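Chain and residue survey
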Amino acid sequence: MDVTGGHILIVDDDRALLEALPRTLKLRLDGIRIETSDNAAEALERIRETDYDAVVTDIKMPGLDGLEVLREIKMLRPKTPTLLITGHGEHDLAVQALRGGAYDFVQKPIDRDYFVASLERAIELRRLERRVDEQRLALERHARVLEHVDDGIFLVDDEGAIQHWNPAARAVTGIAAEDALGRPVGEVLSGWSAVAGLIPVAGNPDPAGPEPKTLPLELEGKELWLSISGVRFVDGIVYAFRNVTEQRALDELKGEFVATVSHELRTPLAAIYGSAQTLQREDVTLDSETRARLLEVITAESERLTRIASDILLANTLSSGRLRLDHRRVDLAELANDVVEQVRAAFAERPEISVELSGAEVAGEIVADGDRLRQILINLLDNAVKYSPGGGRVRLELEMRANGIRFAVSDEGLGIPAGEQQQIFGKFYRVDPSLSRGVRGTGLGLYICRELARRMQGHVSVKSREGEGSTFYVDLPVVRPVEQSERAAVIS
């Protein structure tokens, strides 16, 4: 342990001891500075003037009791370690002194090795305390800077009360500084007791310290995910945190997406593989009807895989803003009829579902990307059929409006809970994530519909009542050919 430059005061009325101890210490401790005093009054005056690294004093001094000397030192320099020298039969007095705040006691005759080691520890302790004090003062000097950082910052003292609460902490938690300062942290942050022990706390401010930990904190019934860490100071811990709730939700959605896509891919791949294996078997004779049915399975499931891959690729292209739209004149009646016929053919095996079309006869033309508009309508009709497991009527209705065209796709199926109607257009979101109602999908269809419509200067909305069905609306503007070029345009 390096105590070079340590500054100590030795107080004892025994002059022989005052001469011997400094010689011993200077032989053992390089660069140590030692002052001596033979009476308590003079020693206390020196202590008042000088902040020593440690004080060594006899427990019994003429004029002042050892405990009184200790009390005076603690009043003048409460953080200065005080070592007491005790004589024979003064053990009980030494114990009282330790209870009163003495750092250690050394019994006469003095064991030099023990005394030197104890003094080294005391000097190092004082240096560490000074360093912590400097850090605390630096923190106080920069407190106004903390008021403007993006991370939430709060200080919890050793009693568990909040002593600092910056504006970012208020912004994240919704708790005002006046409602936090001076109160126990467990009262302000109701879920604190469950997470406090899991937060990494560094011993000093170090950029290479422990990484923040992401933890949930429940506030007034709302769950927040915070990336949080702490730094310990002499009188408490400073915590820094940022809100990662949205990022966490996105990560969960991505995880659900991976699981969903894995499920969606596994089913057609298993069907294709099983059919192909059967066709390759030489020990089984297949009639033409069975062979044709197996080939139909391979074709249908391959098309399904293609649709899944296309959705993933298109969603990525939309997210990156690299999609190119080809704006041309689109005959709405022709497009609507083609779409309905395609959906009817795709679900021909479900006679309990009727796919109807109305309003096409009065629809005219618009300038749009016909292929992308077809994709929007097919996606919505496909969803309408899938979310009508009990059958019923699925309807595509066209309505010309003053400033554009409205497509309405309605069904009489499961409907969408009110709390989910603003989330269903998000990437990877599925109304039935557990497949409990047998509705498959990647969770990308409605996201694609919304983004494609937006890039054609339109928008998609929904009205639904759970258990009674849904109606999706696609509103697009009518752009006259003279107002917009029919050449390919990049829409970002």
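Cut-offs applied
- Residues numbered from 1 in each chain as written.
- Predicted model: local features only at pLDDT ≥ 70, side-chain atom pairs only at ≥ 80, totals over all residues.
- Heavy atoms only, no water.
- Helix = DSSP H or I, 4+ residues; strand = E, 2+ residues; numbered from the N terminus.
- Buried < 20%, exposed > 50% of the residue type's maximum accessible area, 1.4 Å probe, protein only.
- Contact = heavy atoms within 4.5 Å.
- Areas by Shrake-Rupley, 256 points an atom, 1.4 Å probe, with all protein chains shown as cover.
- Pairing = 2+ DSSP bridges.
- Axes fitted to C-alpha atoms, helices over the stretch in contact; angles between N-to-C directions.
- Phe/Tyr/Trp six-rings, centres within 6.5 Å; stacked < 30°, edge-to-face > 60°.
- Left-handed = near helix turned anticlockwise from the far one by under 90°.
- Nonpolar A, V, L, I, M, F, W, Y, C, P; charged D, E, K, R; others polar.
- Salt bridge = Lys/Arg side-chain N within 4 Å of Asp/Glu carboxyl O.
- Arc of directions from axis to C-beta.
- Right-handed = clockwise from strand over helix to strand, strands pointing away.
- Expected span 1.5 Å × (residues − 1).
- Polar contact = N/O pair within 3.5 Å; in protein donor to acceptor, adjacent residues only side chain to side chain.
- pLDDT = per-residue confidence, 0-100.

Counting secondary structure elements, the protein contains 15 helices and 22 strands. Within the span of the protein, comprising 492 residues, buried residues form 44% of the whole. Looking at the protein alone, contacts between residues at least 24 apart form 64% of all its contacts between residues at least 6 apart. Accessible surface, the protein: about 26400 Å² in total, of which carbon and sulfur atoms supply 49%.

Pairing within the open sheet is mixed, and its five strands lie in the order β16-β18-β19-β21-β20. Of all the strands in the sheet, the pair left with one neighbour each is β16 (353-358) and β20 (459-465). Averaged over all pairs of adjacent strands, the angle between their axes in this sheet comes to 15°, without regard to strand direction. In terms of strand pairing, β20 meets strand β21 (residues 469-477) through seven bridges, oriented antiparallel. In the strand pairing of β21, K463 is matched with T471.

Attention now goes to the environment of D338. For D338, the position within the fold is in helix α13 (residues 332-346). The class for D338 is partly exposed, based on a relative accessible area of 35%. Between the C-alpha atom of D338 and that of R374, which follows or precedes it by 36 residues, the distance is 8.8 Å.

Enumeration over the complete set of coordinates arrives at six aromatic pairs. With a centroid separation of 5.6 Å and an interplanar angle of 75°, the aromatic rings of F154 and W192 are classed as edge-to-face. Of the two residues, F154 is situated in strand β8 (residues 152-157) and W192 in helix α10 (residues 192-195); the sequence distance between them amounts to 38 residues. Owing to a relative accessible area of 2%, F154 belongs among the buried residues under this scheme. Judged by centre distance (5.0 Å) and plane angle (85°), the rings of W192 and Y239 are edge-to-face. Residue W192 is located in helix α10, and its partner Y239 is located in strand β13 (residues 236-243); the two are separated by 47 residues in the primary sequence. The same class applies to W192 and to Y239, which are both buried.

The subject of this paragraph is the packing of helix α14 (residues 370-386) against helix α15 (residues 445-455). Contact pair α14 / α15: the axes reach a minimum separation of 9 Å and the direction vectors enclose 150°. In this structure, α14 meets α15 at a crossing whose hand is left-handed. Residues R372, Q375, I376, N379, L380 and N383 of α14 touch α15, and the partners they reach there are G445, L446, I448, C449, L452 and A453. Partitioning the contact of α14 with α15 into residue classes produces seven nonpolar, four polar and one charged.

Our focus in this paragraph is the sheet that holds strand β7 (residues 104-107). Strand order across the open sheet formed by five strands is β2-β1-β3-β6-β7, with parallel pairing between neighbours. At either end of the open sheet lies a strand with only one pairing partner, and these are β2 (33-37) and β7. Taking the axes of each pair of neighbouring strands and ignoring which way they run, one obtains an average angle of 20° across the sheet. Relative to β7, strand β6 (residues 82-86) runs parallel, the two being bridged by four bridges. Within the sheet, the bridge partner assigned to L84 lies in β7 and is F105.

On to the pattern of salt bridges. Enumeration according to the criterion identifies 28 salt bridges in this entry. Note that R281 is salt-bridged to D283, the shortest N-O span being 2.9 Å. Residue R281 is classed as partly exposed on the basis of its relative accessible area of 43%. Look at D283 and you get exposed, because its relative accessible area is 60%. Across the pair E352 and R350 runs a salt bridge, and its minimum N-O distance is 2.8 Å. Taking the relative accessible area as the measure of exposure, E352 reaches 37% and is therefore partly exposed. Here the salt bridges do not stand alone but share partners, grouping D51, D53, R126, E129 and R130 into one network.

For the rest of this paragraph, the subject is helix α4 (residues 91-99). Buried residues of α4: L93, A94 and A97, and no others. Angular distribution of buried residues about the axis of α4 spans 100°; they occupy a single face of the element. Along α4, the residues that are exposed and aim more than 90 degrees away from the buried face are D92 and R99.

As a further point, take unusual backbone geometry. Of note, the amide linkage connecting K108 to P109 takes the cis form, showing an omega dihedral of -10°. Turning to its location among the elements, P109 is positioned in the loop between β7 and α5 (112-141). At Q457, a position not held by glycine, the phi torsion is positive, near 65°. One can find Q457 in the loop between α15 and β20. The exposure class assigned to Q457 is exposed, which follows from its relative accessible area of 58%.

To continue, consider the pairing of β2. Here strand β1 (residues 7-11) runs beside β2; their pairing, made up of five bridges, is parallel. Looking at the pairing, I10 lines up with T36 of β2. Traced from β1 through helix α1 (residues 15-28) to β2, the parallel crossover comes out right-handed.

Below, the discussion takes up α1. Compared with the 20 Å implied by 1.5 Å per residue over 14 residues, the 21 Å span of α1 between its first and last C-alpha is a close match. Structurally, the start of α1 carries an N-cap: the backbone nitrogen of A16 is 3.0 Å from a side-chain oxygen of D14.

A few words now on the confidence of the model for the protein. For the protein, the average pLDDT comes to 82, and 86% of its residues sit at 70 or higher. Confidence, read as mean pLDDT per element, is least for strand β22 (residues 488-490) in the protein (41) and greatest for β21 (94). Low pLDDT, under 50, characterises residues 480-492; the predicted model gives this stretch 28 contacts beyond four residues in sequence or across chains.

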